[in-house]
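Now for the letters of each chain:
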Amino acid sequence: KNQVEQSPQSLIILEGKNCTLQCNYTVSPFSNLRWYKQDTGRGPVSLTIMTFSENTKSNGRYTATLDADTKQSSLHITASQLSDSASYICVVSALGRGGGADGLTFGKGTHLIIQP
Amino acid sequence: NAGVTQTPKFRILKIGQSMTLQCTQDMNHNYMYWYRQDPGMGLKLIYYSVGAGITDKGEVPNGYNVSRSTTEDFPLRLELAAPSQTSVYFCASRSDRASNQPQHFGDGTRLSIL
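Because the structure is predicted, anything quoted here is derived from the model rather than measured. (Residues numbered from 1 in each chain as written. Chains lettered and ligands numbered in written order. Predicted model: local features only at pLDDT ≥ 70, side-chain atom pairs only at ≥ 80, totals over all residues. Heavy atoms only, no water.)

Even after reading the chapter, I still don't get the nonpolar core, so can you show me in this structure?
Within soluble globular proteins, side chains that are nonpolar tend to cluster in buried spots. Core analysis: the biggest nonpolar cluster contains 25 residues, and A:Tyr25, A:Leu33, A:Trp35, A:Leu75, A:Tyr88 and A:Val92 have the highest contact counts within it. Counting residues per element, the ones that place at least two in this core are strand E3 (19-25), strand E4 (30-38), strand E5 (45-51), strand E7 (62-67), strand E8 (72-77), strand E9 (86-94) and strand E11 (110-115) of chain A. The leading source of residues in this core is E9(A), at 5 residues. Among all residues touching A:Tyr25, those that are not within four sequence positions of it are A:Gln3, A:Val4, A:Phe30, A:Leu33, A:Leu66, A:Asp67, A:Ala68, A:Lys71, A:Gln72 and A:Val92. Core analysis: the next-biggest nonpolar cluster, separate from the first, contains 19 residues, B:Leu13, B:Met19, B:Leu21 and B:Trp34 among them. (Core = buried A, V, L, I, M, F, W, Y, C linked by side-chain atoms within 4.5 Å. Buried < 20%, exposed > 50% of the residue type's maximum accessible area, 1.4 Å probe, protein only. Helix = DSSP H or I, 4+ residues; strand = E, 2+ residues; numbered from the N terminus. Contact = heavy atoms within 4.5 Å.)

Written out as structure tokens, the structure reads:
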């Protein structure tokens, strides 16, 4: 069964500090891995999408890494801001699920709180 | 840009009632999706559509129906509401240029069945 596990479940850090969120997956065959940010009461917003051949991808202060061999990904947030408080969701797509189904498996998310 | 718009934002239903959750997008995306998000769980796919007139079941379709008469609109229908359908419902769309295009989500409909 395809699974996506995220850790930690929740995290509290001070404004200005860095943090790293983890994602382990067992989705096979692998197509791509996505990180989404979900603010409270809002829908998820895409941060990055990485395919098998991409090891790292940045979006401003967000940097995602992918190790397809160990089936692990991380999302690193640099110089955190209060607006980074949100849930961060790791999503993995299975190859071959064509026709629009996308074959996405969603993690439960990491709830990040930035304190002033 | 409006993106994906969902209405209503909140709704309380009694057991056995019916309702339609509305979703419209202005990005001319062919692919559209309905998900539910239960507390502490990952999103689950209910139904999806690859274009007007074409719909298909996702992982958890029981108790729901959809239609796609236009590219813009993808309503989700609950016929006989049950407490297990209490959830937050998200509609999403994406371009069909390639499968690794991001899905764009609406802000959800929070539904309680009492």
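Sorry, what's going on with the pairing of strand E6 (residues 56-59) of chain A here?
It is a general feature of regular strands that their side chains alternate between the two faces of the sheet. All names here are of chain A. Where E6 meets E7, 4 bridges bridge the pair, whose relative direction is antiparallel. Pairing of serine 58 across the sheet is with threonine 63, part of E7. Connecting E6 to the antiparallel partner E7 that follows it, the hairpin turn spans 2 residues, and glycine 60 within it adopts a positive phi of roughly 65 degrees. (Pairing = 2+ DSSP bridges.)

In this structure, what is going on with the state of the cysteines? I would like to understand it.
Any covalent bond linking the sulfur atoms of two cysteines counts as a disulfide. One pass over the full model with this rule turns up 2 disulfides over all chains. There is a disulfide in this structure between A:Cys23 and A:Cys90, and the S-S distance comes to 2.1 Å. What sets the handedness of the A:Cys23 and A:Cys90 disulfide is the S-S torsion sign, and at about -70 degrees it is left-handed. A residue pair is termed long-range when its members are at least 10 positions apart, and A:Cys23 in strand E3 and A:Cys90 in strand E9 qualify at 67 residues. Residue B:Cys23 pairs covalently with B:Cys91 via a disulfide, S to S 1.9 Å. With the S-S bond torsion at -70 degrees, the cross-link from B:Cys23 to B:Cys91 turns out left-handed. Here B:Cys91 lies in strand E9 (residues 87-94) and B:Cys23 lies in strand E3 (residues 19-25), a separation of 68 residues in the sequence. (Disulfide = S-S within 2.5 Å.)

Would you explain the packing of aromatic side chains in this entry?
The geometry of an aromatic ring pair is captured by the separation of the ring centres together with the interplanar angle, meaning the angle of the planes. As enumerated under the stated definition, the model contains 9 aromatic pairs over all chains in all. Ring centres of B:Tyr35 and B:Phe105 lie 5.7 Å apart, and the angle between their planes is 40 degrees; on these two criteria the pair is classed as tilted. In this pair, B:Tyr35 is assigned in strand E4 (residues 31-37) and B:Phe105 in strand E10 (residues 104-105), connecting sequence segments 70 residues apart. Given the relative accessible area of 2%, B:Tyr35 is considered buried. Clustering of aromatic rings is evident, with ring pairs tying together A:Tyr36, A:Phe106, B:Tyr33, B:Tyr35, B:Tyr48, B:Phe90 and B:Phe105. Taking NZ or CZ as reference, A:Arg61 lies 5.8 Å from the ring centre of A:Tyr62, over its face. Residue placement shows B:Arg68 over the ring face of B:Phe74; its charged tip is 5.9 Å from the ring centre. (Phe/Tyr/Trp six-rings, centres within 6.5 Å; stacked < 30°, edge-to-face > 60°. Lys NZ or Arg CZ within 6 Å of the ring centre and 35° of its normal.)

Geometric values such as these leave the question of function open.
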